[in-house]
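Listed below are the residues making up each chain.
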Amino acid sequence: MWDESLAKLSLGPESQTLAIVCSGDHFAVLTATGLIVLYNSTTFDIKQNLTHGERVCAMSFSSCSNLLVTYGFRTTKVWSINTGQIMYQIRNPLGSRAFTIKFFAGDAELVIGSNDRLIRVAQLAVANPVWSILHPTLLKDDVAWDRPVQHVPWRIAFNTDASCVAVAYRGSPLCVWAMDPPELIRRCMRSQEYAGNSWTVVDQVIWHPKSEEVLGLYFGGHIFRWNPYDDTQQELKADASILASSSDGRFFVTGDSCGTIKLYNYHHFVLIYQLSCENMIKDICFSPDSKRLYDLRGQFCNIWEPNALVRMDETSEQESEVGSEVASIPAGTVSEAFAEVRVQITAIA
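This section reports on the structure supplied with the text. (Residues numbered from 1 in each chain as written. Predicted model: local features only at pLDDT ≥ 70, side-chain atom pairs only at ≥ 80, totals over all residues. Heavy atoms only, no water.)

**Some words on the pairing of strand 19 (residues 214-218)**
Move 1: Of all five residues that make up strand 19, five are buried, and the element is covered over most of its length.
Move 2: The alternating pattern of strand 19 places V214, G216 and Y218 on one face and L215 and L217 on the opposite face, and all of these are buried.
Move 3: Sheet analysis places strand 18 (residues 202-207) next to strand 19, joined by five bridges and oriented antiparallel. If you follow Q204 over to strand 19, its bridge partner there is L217.
Move 4: Hairpin geometry of strand 18 and strand 19 is characterised by an intervening segment of six residues between the two adjacent antiparallel strands.
Move 5: Across four bridges, the pairing between strand 19 and strand 20 (residues 223-227) is antiparallel. When the sheet's bridge partners are listed, V214 is paired in strand 20 with W226.
Move 6: Once strand 19 ends, the chain turns through four residues before running back antiparallel as strand 20, passing G220 with a positive phi of about 115°. (Buried < 20%, exposed > 50% of the residue type's maximum accessible area, 1.4 Å probe, protein only. Helix = DSSP H or I, 4+ residues; strand = E, 2+ residues; numbered from the N terminus. Pairing = 2+ DSSP bridges.)

Structure below.
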(Lines give C-alpha, C1' and ligand atoms only; values in the text may rest on other atoms or scores of the structure.)
Protein backbone atom coordinates (compact mmCIF):
# COMPACT_ATOMS: atom_id res chain seq x y z
CA MET A 1 0.00 0.00 0.00
CA TRP A 2 1.53 3.28 -1.08
CA ASP A 3 0.20 4.97 2.07
CA GLU A 4 2.84 3.13 4.09
CA SER A 5 5.77 3.86 1.76
CA LEU A 6 7.19 7.37 2.01
CA ALA A 7 10.24 6.90 -0.24
CA LYS A 8 12.51 4.31 -1.85
CA LEU A 9 16.09 5.36 -2.52
CA SER A 10 18.50 3.51 -4.80
CA LEU A 11 22.22 3.61 -4.09
CA GLY A 12 23.03 2.23 -7.54
CA PRO A 13 22.94 -1.25 -9.10
CA GLU A 14 26.52 -2.02 -8.01
CA SER A 15 25.94 -1.05 -4.38
CA GLN A 16 25.27 -3.40 -1.49
CA THR A 17 23.91 -1.67 1.60
CA LEU A 18 25.11 -2.85 5.02
CA ALA A 19 23.93 -0.54 7.81
CA ILE A 20 21.84 2.56 8.48
CA VAL A 21 21.87 5.05 11.38
CA CYS A 22 19.61 8.08 11.99
CA SER A 23 20.09 11.22 14.07
CA GLY A 24 18.74 14.75 13.97
CA ASP A 25 17.85 15.77 10.42
CA HIS A 26 20.00 13.15 8.72
CA PHE A 27 20.43 9.45 8.14
CA ALA A 28 23.50 7.66 6.85
CA VAL A 29 23.68 4.49 4.75
CA LEU A 30 26.85 2.38 4.73
CA THR A 31 27.77 0.33 1.65
CA ALA A 32 30.08 -2.65 1.31
CA THR A 33 32.78 -0.53 -0.37
CA GLY A 34 33.15 1.81 2.62
CA LEU A 35 31.09 4.62 1.05
CA ILE A 36 28.74 6.37 3.49
CA VAL A 37 25.87 8.27 1.85
CA LEU A 38 24.49 11.01 4.11
CA TYR A 39 20.87 12.03 3.39
CA ASN A 40 18.62 14.85 4.53
CA SER A 41 15.69 13.15 6.27
CA THR A 42 13.17 15.81 5.14
CA THR A 43 13.97 16.15 1.43
CA PHE A 44 15.88 12.84 0.97
CA ASP A 45 18.56 14.76 -0.91
CA ILE A 46 22.14 13.53 -0.61
CA LYS A 47 24.03 15.92 1.67
CA GLN A 48 27.44 14.25 1.60
CA ASN A 49 29.22 11.23 0.12
CA LEU A 50 31.85 10.18 2.66
CA THR A 51 34.54 7.84 1.36
CA HIS A 52 36.31 6.05 4.19
CA GLY A 53 38.67 4.31 1.77
CA GLU A 54 38.35 0.85 3.34
CA ARG A 55 35.65 -1.51 4.51
CA VAL A 56 33.76 -0.09 7.52
CA CYS A 57 32.46 -2.38 10.27
CA ALA A 58 30.79 0.14 12.66
CA MET A 59 29.46 3.70 12.58
CA SER A 60 27.51 6.06 14.83
CA PHE A 61 26.23 9.63 15.09
CA SER A 62 27.18 11.89 17.99
CA SER A 63 24.46 12.85 20.46
CA CYS A 64 24.43 16.40 19.07
CA SER A 65 24.04 14.98 15.53
CA ASN A 66 26.89 17.12 14.15
CA LEU A 67 29.49 14.33 13.90
CA LEU A 68 29.59 10.85 12.38
CA VAL A 69 32.24 8.28 13.28
CA THR A 70 33.19 5.33 11.06
CA TYR A 71 35.44 2.46 12.14
CA GLY A 72 37.37 0.75 9.35
CA PHE A 73 39.93 -2.06 9.33
CA ARG A 74 42.88 0.34 9.65
CA THR A 75 41.55 3.73 10.73
CA THR A 76 38.71 5.40 12.60
CA LYS A 77 37.45 8.67 11.10
CA VAL A 78 35.24 11.32 12.69
CA TRP A 79 33.40 13.38 10.07
CA SER A 80 31.71 16.78 10.21
CA ILE A 81 28.11 16.42 9.06
CA ASN A 82 27.96 19.98 7.73
CA THR A 83 31.19 20.03 5.72
CA GLY A 84 31.96 16.37 5.11
CA GLN A 85 35.52 16.95 6.33
CA ILE A 86 37.51 14.57 8.54
CA MET A 87 37.76 16.13 12.00
CA TYR A 88 39.80 13.33 13.61
CA GLN A 89 41.60 10.25 12.34
CA ILE A 90 42.71 7.46 14.69
CA ARG A 91 44.87 4.45 13.81
CA ASN A 92 43.14 1.23 14.80
CA PRO A 93 44.80 -1.62 16.74
CA LEU A 94 46.18 -4.22 14.35
CA GLY A 95 43.75 -7.08 13.79
CA SER A 96 41.00 -5.55 15.94
CA ARG A 97 37.48 -5.44 14.52
CA ALA A 98 34.90 -3.28 16.30
CA PHE A 99 31.38 -4.63 16.68
CA THR A 100 30.07 -1.29 17.93
CA ILE A 101 31.26 2.29 18.38
CA LYS A 102 29.65 5.05 20.43
CA PHE A 103 30.16 8.69 21.42
CA PHE A 104 29.89 9.39 25.15
CA ALA A 105 30.98 11.93 27.80
CA GLY A 106 29.30 14.78 25.94
CA ASP A 107 30.71 13.63 22.58
CA ALA A 108 34.24 14.21 23.92
CA GLU A 109 35.14 10.50 23.89
CA LEU A 110 34.66 7.40 21.77
CA VAL A 111 34.27 3.84 23.02
CA ILE A 112 34.47 0.59 21.04
CA GLY A 113 33.94 -3.09 21.78
CA SER A 114 36.10 -5.41 19.69
CA ASN A 115 36.53 -9.05 18.75
CA ASP A 116 39.71 -9.28 20.85
CA ARG A 117 37.67 -9.08 24.10
CA LEU A 118 38.77 -5.53 24.83
CA ILE A 119 36.95 -2.25 25.41
CA ARG A 120 38.90 0.78 24.16
CA VAL A 121 38.36 4.52 24.53
CA ALA A 122 39.72 7.55 22.65
CA GLN A 123 39.80 11.14 23.91
CA LEU A 124 38.74 13.60 21.20
CA ALA A 125 39.87 16.62 23.24
CA VAL A 126 43.55 15.95 22.47
CA ALA A 127 45.35 16.89 19.27
CA ASN A 128 46.10 13.31 18.17
CA PRO A 129 43.56 10.86 19.63
CA VAL A 130 44.64 7.24 20.17
CA TRP A 131 42.84 4.10 21.29
CA SER A 132 43.65 2.98 24.83
CA ILE A 133 42.43 -0.14 26.63
CA LEU A 134 39.84 0.43 29.35
CA HIS A 135 40.55 -1.97 32.26
CA PRO A 136 42.35 -5.03 30.82
CA THR A 137 40.35 -7.30 33.16
CA LEU A 138 37.02 -6.17 31.65
CA LEU A 139 35.24 -9.00 29.75
CA LYS A 140 37.76 -11.53 31.07
CA ASP A 141 35.43 -14.29 32.25
CA ASP A 142 36.72 -17.80 31.56
CA VAL A 143 34.16 -19.93 33.38
CA ALA A 144 33.58 -23.22 31.55
CA TRP A 145 29.94 -24.12 30.88
CA ASP A 146 28.19 -27.18 29.47
CA ARG A 147 30.06 -27.01 26.17
CA PRO A 148 33.61 -26.05 25.07
CA VAL A 149 34.50 -22.52 26.16
CA GLN A 150 34.81 -20.05 23.29
CA HIS A 151 34.88 -16.65 24.93
CA VAL A 152 35.21 -14.72 21.67
CA PRO A 153 32.56 -11.95 21.42
CA TRP A 154 30.39 -11.73 18.34
CA ARG A 155 27.84 -9.11 19.52
CA ILE A 156 28.57 -6.13 21.80
CA ALA A 157 26.23 -3.30 22.87
CA PHE A 158 26.70 -0.31 25.19
CA ASN A 159 23.87 1.21 27.20
CA THR A 160 22.87 4.87 26.79
CA ASP A 161 25.63 6.44 28.93
CA ALA A 162 28.23 3.73 28.18
CA SER A 163 28.38 2.69 31.83
CA CYS A 164 27.49 -0.94 31.04
CA VAL A 165 28.17 -3.31 28.19
CA ALA A 166 26.34 -6.44 27.04
CA VAL A 167 28.47 -9.09 25.33
CA ALA A 168 27.17 -12.13 23.42
CA TYR A 169 29.25 -15.17 22.54
CA ARG A 170 28.79 -18.22 20.35
CA GLY A 171 30.00 -20.58 23.07
CA SER A 172 28.74 -19.11 26.35
CA PRO A 173 25.82 -17.09 27.78
CA LEU A 174 25.21 -13.40 27.22
CA CYS A 175 26.99 -11.35 29.93
CA VAL A 176 26.41 -7.83 31.20
CA TRP A 177 29.34 -5.92 32.72
CA ALA A 178 29.67 -2.65 34.58
CA MET A 179 32.56 -0.81 32.93
CA ASP A 180 34.04 1.38 35.64
CA PRO A 181 34.99 -0.30 37.88
CA PRO A 182 34.87 -3.55 35.85
CA GLU A 183 32.38 -5.98 37.33
CA LEU A 184 30.36 -8.87 35.92
CA ILE A 185 26.74 -8.09 36.78
CA ARG A 186 25.03 -11.28 35.57
CA ARG A 187 24.88 -13.96 32.90
CA CYS A 188 21.67 -14.44 30.94
CA MET A 189 20.25 -17.90 31.62
CA ARG A 190 17.14 -18.79 29.66
CA SER A 191 13.99 -18.83 31.76
CA GLN A 192 12.83 -22.13 30.27
CA GLU A 193 15.14 -24.97 29.32
CA TYR A 194 15.68 -25.14 25.59
CA ALA A 195 17.00 -28.25 23.82
CA GLY A 196 18.41 -29.53 27.11
CA ASN A 197 20.47 -26.40 27.85
CA SER A 198 19.98 -23.70 30.47
CA TRP A 199 21.11 -20.95 28.10
CA THR A 200 20.95 -20.14 24.39
CA VAL A 201 23.27 -18.27 22.05
CA VAL A 202 22.14 -14.64 21.65
CA ASP A 203 22.09 -13.56 18.01
CA GLN A 204 21.53 -9.83 18.58
CA VAL A 205 21.40 -7.58 21.64
CA ILE A 206 20.53 -3.92 22.26
CA TRP A 207 19.79 -1.88 25.39
CA HIS A 208 16.41 -0.36 26.09
CA PRO A 209 17.10 3.42 25.98
CA LYS A 210 14.98 4.28 29.05
CA SER A 211 15.58 1.39 31.45
CA GLU A 212 18.13 -1.15 32.71
CA GLU A 213 16.71 -3.88 30.48
CA VAL A 214 18.36 -5.63 27.55
CA LEU A 215 16.38 -6.52 24.43
CA GLY A 216 17.66 -9.34 22.26
CA LEU A 217 17.15 -12.22 19.86
CA TYR A 218 17.95 -15.78 20.79
CA PHE A 219 19.48 -17.95 18.10
CA GLY A 220 16.41 -19.14 16.21
CA GLY A 221 14.64 -15.78 16.27
CA HIS A 222 12.81 -15.64 19.62
CA ILE A 223 12.66 -12.15 21.17
CA PHE A 224 13.48 -11.62 24.84
CA ARG A 225 13.82 -8.77 27.30
CA TRP A 226 15.97 -9.27 30.37
CA ASN A 227 16.84 -7.20 33.41
CA PRO A 228 20.39 -8.17 34.46
CA TYR A 229 19.94 -6.64 37.92
CA ASP A 230 16.91 -8.60 39.13
CA ASP A 231 17.24 -11.40 36.53
CA THR A 232 13.65 -11.15 35.30
CA GLN A 233 13.01 -12.23 31.73
CA GLN A 234 10.14 -12.30 29.25
CA GLU A 235 10.13 -14.05 25.88
CA LEU A 236 8.13 -13.85 22.65
CA LYS A 237 7.93 -16.52 19.98
CA ALA A 238 9.06 -15.04 16.68
CA ASP A 239 11.16 -15.70 13.61
CA ALA A 240 13.16 -12.49 13.60
CA SER A 241 16.66 -11.90 12.25
CA ILE A 242 17.20 -8.23 13.10
CA LEU A 243 16.09 -5.89 15.87
CA ALA A 244 15.91 -2.15 16.61
CA SER A 245 14.40 0.08 19.31
CA SER A 246 12.85 3.53 19.08
CA SER A 247 14.73 6.33 20.83
CA ASP A 248 11.88 6.89 23.31
CA GLY A 249 11.79 3.19 24.19
CA ARG A 250 8.06 2.76 23.51
CA PHE A 251 8.45 0.53 20.46
CA PHE A 252 10.77 -2.01 18.97
CA VAL A 253 10.80 -3.49 15.49
CA THR A 254 12.02 -6.74 13.97
CA GLY A 255 12.80 -7.84 10.45
CA ASP A 256 13.07 -11.36 9.06
CA SER A 257 14.64 -13.14 6.09
CA CYS A 258 11.33 -13.00 4.17
CA GLY A 259 11.27 -9.19 4.31
CA THR A 260 8.49 -8.82 6.90
CA ILE A 261 8.62 -5.93 9.37
CA LYS A 262 6.90 -6.38 12.74
CA LEU A 263 6.33 -3.50 15.14
CA TYR A 264 5.88 -4.18 18.87
CA ASN A 265 4.81 -2.15 21.87
CA TYR A 266 7.65 -2.53 24.39
CA HIS A 267 5.65 -1.96 27.59
CA HIS A 268 2.99 -4.55 26.78
CA PHE A 269 5.41 -6.70 24.74
CA VAL A 270 2.80 -7.30 22.02
CA LEU A 271 2.68 -7.05 18.22
CA ILE A 272 0.80 -3.99 16.95
CA TYR A 273 1.70 -3.74 13.25
CA GLN A 274 3.05 -5.89 10.44
CA LEU A 275 4.28 -4.95 6.98
CA SER A 276 4.98 -7.63 4.38
CA CYS A 277 7.38 -6.86 1.54
CA GLU A 278 9.71 -8.96 -0.60
CA ASN A 279 13.51 -9.15 -0.22
CA MET A 280 15.59 -9.80 2.88
CA ILE A 281 16.19 -6.91 5.29
CA LYS A 282 19.87 -6.07 5.91
CA ASP A 283 19.32 -3.42 8.59
CA ILE A 284 16.49 -1.43 10.14
CA CYS A 285 16.11 1.60 12.43
CA PHE A 286 13.63 4.20 13.68
CA SER A 287 13.69 7.89 12.88
CA PRO A 288 14.58 10.09 15.89
CA ASP A 289 10.90 11.05 16.37
CA SER A 290 9.85 7.35 16.22
CA LYS A 291 7.30 8.00 13.44
CA ARG A 292 9.25 6.42 10.59
CA LEU A 293 11.08 3.19 9.88
CA TYR A 294 14.12 2.93 7.62
CA ASP A 295 15.21 -0.41 6.20
CA LEU A 296 17.89 -1.62 3.78
CA ARG A 297 17.21 -4.29 1.16
CA GLY A 298 19.89 -4.96 -1.45
CA GLN A 299 20.73 -1.65 -3.14
CA PHE A 300 17.68 0.15 -1.77
CA CYS A 301 16.81 2.16 1.32
CA ASN A 302 13.09 2.15 2.10
CA ILE A 303 11.41 4.77 4.27
CA TRP A 304 8.11 3.69 5.79
CA GLU A 305 5.66 5.87 7.69
CA PRO A 306 3.11 3.42 9.08
CA ASN A 307 -0.19 4.83 10.22
CA ALA A 308 0.14 2.61 13.29
CA LEU A 309 3.13 4.64 14.54
CA VAL A 310 1.37 7.95 13.95
CA ARG A 311 -1.81 6.75 15.66
CA MET A 312 0.10 5.36 18.63
CA ASP A 313 1.97 8.64 19.00
CA GLU A 314 -1.24 10.67 18.95
CA THR A 315 -2.97 8.28 21.39
CA SER A 316 -0.01 8.45 23.75
CA GLU A 317 -0.04 12.25 23.74
CA GLN A 318 -3.76 12.34 24.50
CA GLU A 319 -3.54 9.79 27.30
CA SER A 320 -0.46 11.43 28.83
CA GLU A 321 -2.61 14.51 29.46
CA VAL A 322 -4.83 12.46 31.78
CA GLY A 323 -1.92 10.80 33.55
CA SER A 324 -1.48 7.57 31.57
CA GLU A 325 2.08 6.90 30.46
CA VAL A 326 1.45 4.11 27.98
CA ALA A 327 -1.36 3.79 25.46
CA SER A 328 -3.57 0.79 26.03
CA ILE A 329 -3.70 -1.76 23.22
CA PRO A 330 -6.76 -3.91 22.60
CA ALA A 331 -5.84 -7.59 22.71
CA GLY A 332 -5.50 -9.15 19.29
CA THR A 333 -5.56 -5.84 17.40
CA VAL A 334 -2.80 -5.91 14.81
CA SER A 335 -2.83 -3.77 11.67
CA GLU A 336 -1.21 -5.31 8.61
CA ALA A 337 -0.10 -3.90 5.28
CA PHE A 338 1.41 -5.30 2.10
CA ALA A 339 3.89 -3.53 -0.17
CA GLU A 340 4.20 -4.77 -3.75
CA VAL A 341 7.68 -4.77 -5.28
CA ARG A 342 7.20 -2.86 -8.53
CA VAL A 343 9.46 -2.56 -11.56
CA GLN A 344 11.97 0.26 -11.04
CA ILE A 345 11.26 3.48 -12.99
CA THR A 346 14.38 4.69 -14.78
CA ALA A 347 13.04 7.74 -16.66
CA ILE A 348 10.14 10.18 -16.48
CA ALA A 349 9.09 13.18 -18.58
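**What to know about the sheet that holds strand 7 (residues 67-72)**
Sheet strands associate in pairs through backbone hydrogen bonding, adopting either a parallel or an antiparallel arrangement.
Move 1: Ordered by their spatial adjacency, four strands build an open sheet running 6-7-8-9, and the pairing between neighbours is antiparallel. Of all the strands in the sheet, the pair left with one neighbour each is strand 6 (56-61) and strand 9 (86-91). In this sheet, adjacent strand axes meet at a mean angle of 15° when their direction is disregarded.
Move 2: Two strands pair when backbone bridges link them, and strand 7 and strand 8 (residues 75-80) are joined in this way by five bridges, in the antiparallel orientation. Within strand 8, the position partnered with L67 by the bridge is S80. (Axes fitted to C-alpha atoms, helices over the stretch in contact; angles between N-to-C directions.)

**Description of the pattern of salt bridges**
If charged atoms from side chains of opposite charge come close, those side chains can pair.
Move 1: Per the stated rule, a full pass over the model turns up seven salt bridges.
Move 2: Salt-bridge contacts for E54 lead to R74; the nearest nitrogen and oxygen are separated by 3.1 Å. Of this pair, E54 sits in the loop between strand 5 (46-51) and strand 6 while R74 sits in the loop between strand 7 and strand 8, and the two are 20 residues apart along the sequence.
Move 3: E54 sits in the buried class, given a relative accessible area of 8%.
Move 4: Residues E305 and R292 are paired through a salt bridge, measuring 3.2 Å at the closest nitrogen-oxygen approach. Here E305 is found in the loop between strand 28 (300-304) and helix 1 (307-320), whereas its partner R292 is found in the loop between strand 26 (283-286) and strand 27 (293-297), with 13 residues between them in sequence.
Move 5: On the basis of relative accessible area, R292 is assigned to the buried category, the value being 18%. (Salt bridge = Lys/Arg side-chain N within 4 Å of Asp/Glu carboxyl O.)

**What to know about the nonpolar core**
Move 1: Grouped together as the largest cluster of nonpolar side chains are 20 residues, with contacts concentrated most on V253, I261 and L263.
Move 2: Sorting the residues of this core by element identifies strand 22 (242-245), strand 23 (251-255), strand 24 (261-265), strand 25 (270-277), strand 26, helix 1 and strand 29 (335-339) as the ones contributing at least two each.
Move 3: Looking at this core, the element that brings in the most residues is strand 25, giving four residues.
Move 4: When sequence neighbours within four positions are dropped, the list of residues in contact with I261 reads V253, T254, Y273, Q274, L275, I281, I284, L293, D295, R297 and W304.
Move 5: Counting 17 residues, the second-largest nonpolar core is a separate cluster that includes W154, V176, W207 and F224. (Core = buried A, V, L, I, M, F, W, Y, C linked by side-chain atoms within 4.5 Å. Contact = heavy atoms within 4.5 Å.)

**Brief notes about unusual backbone geometry**
Move 1: The amide bond that connects D180 to the next residue, P181, takes the cis arrangement and shows omega of 0°.
Move 2: Tracing the backbone through its elements, the reader meets P181 in the loop between strand 16 (175-178) and strand 17 (183-187).
Move 3: You will see that A162, though not glycine, has its phi angle at about 55°, which is positive.
Move 4: Within the secondary structure, A162 is located in the loop between strand 14 (153-158) and strand 15 (164-169).

**Here we look at the packing of aromatic side chains**
Move 1: Evaluated as defined, the whole model comprises nine aromatic pairs.
Move 2: A centroid spacing of 5.0 Å and a plane angle of 15° characterise the contact between F27 and Y39, whose relative ring orientation is stacked. Here F27 is found in strand 3 (residues 26-31), whereas its partner Y39 is found in strand 4 (residues 35-40), with 12 residues between them in sequence. Comparing F27 with Y39, the two get one shared label, buried.
Move 3: Consider the rings of F252 and F269, whose centres lie 5.6 Å apart with planes at 45°: the pair is tilted. Taken as a pair, F252 in strand 23 and F269 in the loop between strand 24 and strand 25 lie far apart in primary sequence, 17 residues in all. Each member of the pair F252 and F269 is classed as buried.
Move 4: A connected cluster of aromatic rings, assembled from ring pairs, spans F27, Y39, F44 and Y294. (Phe/Tyr/Trp six-rings, centres within 6.5 Å; stacked < 30°, edge-to-face > 60°.)

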